[in-house]
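# An overview of the molecular structure
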Amino acid sequence: QVQLVESGGGLVQAGGSLRLSCVASGSIFSINVMGWYRQAPGKQRELVAVITSGGSINYADSVKGRFTISRDNAKNTVYLQMNSLKPEDTAVYYCNADLWRFLGDSQRRYWGQGTQVTVSS
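This text gives an overview of the structure that appears in the document. (Residues numbered from 1 in each chain as written. Predicted model: local features only at pLDDT ≥ 70, side-chain atom pairs only at ≥ 80, totals over all residues. Heavy atoms only, no water.)

### A word on the sheet that holds strand 7 (residues 67-72)
Within a sheet, adjacent strands bond to each other through the backbone by hydrogen bonds, running parallel or antiparallel. Taken in spatial order, the four strands line up as 1-3-8-7 in an open sheet, and their pairing is antiparallel. Only two strands of the sheet have a single partner each, and these edge strands are strand 1 (2-7) and strand 7. Going from strand to strand, the sheet's axes swing by 15 degrees on average, the running direction of each strand aside. Here six bridges tie strand 1 to strand 3 (residues 18-26), and the two strands are oriented antiparallel to one another. Looking across to strand 3, one finds that Leu-4 is bridged to Ala-24. (Pairing = 2+ DSSP bridges. Helix = DSSP H or I, 4+ residues; strand = E, 2+ residues; numbered from the N terminus. Axes fitted to C-alpha atoms, helices over the stretch in contact; angles between N-to-C directions.)

### Side note on the pattern of salt bridges
Two side chains with opposite charge may pair up if their charged atoms get near one another. Under the defined criterion, the tally for this structure stands at seven salt bridges. With a shortest N-O distance of 2.7 Å, Arg-66 and Asp-89 are connected by a salt bridge. Of this pair, Arg-66 sits in the loop between strand 6 (57-59) and strand 7 while Asp-89 sits in the loop between strand 8 (77-82) and strand 9 (91-100), and the two are 23 residues apart along the sequence. Taking the relative accessible area as the measure of exposure, Asp-89 reaches 1% and is therefore buried. By sharing partners, the salt bridges in this structure join Arg-38, Glu-46, Arg-66 and Asp-89 into a single network. (Salt bridge = Lys/Arg side-chain N within 4 Å of Asp/Glu carboxyl O. Buried < 20%, exposed > 50% of the residue type's maximum accessible area, 1.4 Å probe, protein only.)

The structure is reproduced here in C-alpha coordinates:
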(Lines give C-alpha, C1' and ligand atoms only; values in the text may rest on other atoms or scores of the structure.)
Protein backbone atom coordinates (compact mmCIF):
# COMPACT_ATOMS: atom_id res chain seq x y z
CA GLN A 1 0.00 0.00 0.00
CA VAL A 2 1.31 3.42 -0.99
CA GLN A 3 0.02 6.71 0.37
CA LEU A 4 0.76 10.31 -0.55
CA VAL A 5 -0.24 12.91 2.01
CA GLU A 6 -0.14 16.64 1.26
CA SER A 7 -0.01 19.45 3.81
CA GLY A 8 0.51 23.19 3.90
CA GLY A 9 -2.52 24.54 2.06
CA GLY A 10 -4.63 27.37 3.35
CA LEU A 11 -5.92 30.89 2.83
CA VAL A 12 -3.49 33.66 1.94
CA GLN A 13 -3.72 37.18 0.56
CA ALA A 14 -2.51 38.01 -2.91
CA GLY A 15 1.24 38.50 -2.89
CA GLY A 16 1.70 36.09 -0.02
CA SER A 17 3.47 32.75 0.19
CA LEU A 18 2.68 29.16 1.07
CA ARG A 19 4.78 26.02 1.20
CA LEU A 20 3.21 22.68 0.33
CA SER A 21 4.67 19.33 1.37
CA CYS A 22 3.87 15.82 0.21
CA VAL A 23 5.18 12.66 1.83
CA ALA A 24 5.02 9.28 0.12
CA SER A 25 4.92 6.28 2.43
CA GLY A 26 4.28 2.57 2.36
CA SER A 27 5.73 -0.13 0.16
CA ILE A 28 8.14 1.91 -1.99
CA PHE A 29 11.25 0.62 -3.74
CA SER A 30 12.11 3.76 -5.70
CA ILE A 31 10.45 6.96 -6.86
CA ASN A 32 11.06 8.35 -10.32
CA VAL A 33 9.11 11.56 -10.83
CA MET A 34 7.26 13.58 -8.21
CA GLY A 35 5.05 16.47 -9.08
CA TRP A 36 2.33 18.93 -8.27
CA TYR A 37 -0.89 19.46 -10.19
CA ARG A 38 -3.84 21.71 -9.47
CA GLN A 39 -7.51 21.85 -10.27
CA ALA A 40 -9.63 24.96 -10.02
CA PRO A 41 -13.44 24.78 -9.91
CA GLY A 42 -14.85 24.03 -13.34
CA LYS A 43 -11.42 23.46 -14.86
CA GLN A 44 -9.31 20.46 -15.74
CA ARG A 45 -6.42 19.35 -13.59
CA GLU A 46 -3.21 20.96 -14.83
CA LEU A 47 0.49 20.48 -14.30
CA VAL A 48 2.19 22.92 -11.94
CA ALA A 49 5.69 21.47 -11.60
CA VAL A 50 7.50 18.14 -11.72
CA ILE A 51 10.93 16.99 -10.56
CA THR A 52 12.81 13.79 -11.33
CA SER A 53 14.93 11.80 -8.91
CA GLY A 54 17.97 13.34 -10.59
CA GLY A 55 16.70 16.86 -10.06
CA SER A 56 15.43 17.77 -13.53
CA ILE A 57 12.53 20.21 -13.24
CA ASN A 58 9.69 21.48 -15.39
CA TYR A 59 7.27 24.27 -14.52
CA ALA A 60 4.03 25.47 -16.03
CA ASP A 61 4.56 28.83 -17.69
CA SER A 62 2.01 30.40 -15.35
CA VAL A 63 4.13 29.71 -12.25
CA LYS A 64 7.69 30.17 -13.55
CA GLY A 65 9.62 32.60 -11.42
CA ARG A 66 7.10 32.38 -8.56
CA PHE A 67 6.98 28.70 -7.56
CA THR A 68 9.89 26.41 -6.67
CA ILE A 69 9.67 22.62 -6.53
CA SER A 70 12.18 20.57 -4.58
CA ARG A 71 12.43 17.10 -3.12
CA ASP A 72 14.19 15.13 -0.43
CA ASN A 73 14.79 11.68 -1.86
CA ALA A 74 15.79 10.23 1.50
CA LYS A 75 12.42 11.27 2.95
CA ASN A 76 10.30 10.52 -0.15
CA THR A 77 9.05 14.08 0.11
CA VAL A 78 8.35 16.77 -2.46
CA TYR A 79 7.85 20.44 -1.69
CA LEU A 80 6.30 23.37 -3.52
CA GLN A 81 7.29 26.85 -2.39
CA MET A 82 4.73 29.30 -3.74
CA ASN A 83 5.57 33.00 -3.68
CA SER A 84 3.81 36.06 -5.10
CA LEU A 85 0.53 34.19 -5.07
CA LYS A 86 -2.32 35.42 -7.25
CA PRO A 87 -6.08 34.83 -6.98
CA GLU A 88 -5.85 32.70 -10.13
CA ASP A 89 -3.61 30.28 -8.20
CA THR A 90 -6.66 29.29 -6.15
CA ALA A 91 -7.22 25.54 -6.60
CA VAL A 92 -6.94 22.15 -5.00
CA TYR A 93 -3.29 21.12 -5.27
CA TYR A 94 -2.47 17.45 -5.73
CA CYS A 95 0.89 15.76 -5.52
CA ASN A 96 1.77 12.63 -7.42
CA ALA A 97 4.58 10.14 -7.63
CA ASP A 98 5.63 7.72 -10.36
CA LEU A 99 7.23 4.87 -8.47
CA TRP A 100 8.13 1.20 -8.21
CA ARG A 101 6.87 -0.73 -5.18
CA PHE A 102 9.51 -3.46 -5.45
CA LEU A 103 12.37 -4.55 -7.70
CA GLY A 104 10.88 -5.71 -11.00
CA ASP A 105 7.59 -3.89 -10.48
CA SER A 106 5.96 -1.82 -13.20
CA GLN A 107 6.11 1.91 -12.65
CA ARG A 108 2.80 3.18 -11.27
CA ARG A 109 1.39 6.64 -10.57
CA TYR A 110 -0.09 7.50 -7.21
CA TRP A 111 -1.97 10.62 -6.15
CA GLY A 112 -2.50 12.42 -2.89
CA GLN A 113 -5.92 13.52 -1.66
CA GLY A 114 -5.31 17.19 -2.40
CA THR A 115 -4.94 20.33 -0.34
CA GLN A 116 -6.90 23.55 -0.86
CA VAL A 117 -5.06 26.76 -1.64
CA THR A 118 -7.15 29.92 -1.66
CA VAL A 119 -5.69 33.30 -2.58
CA SER A 120 -7.80 36.32 -1.77
CA SER A 121 -7.55 39.59 -3.68
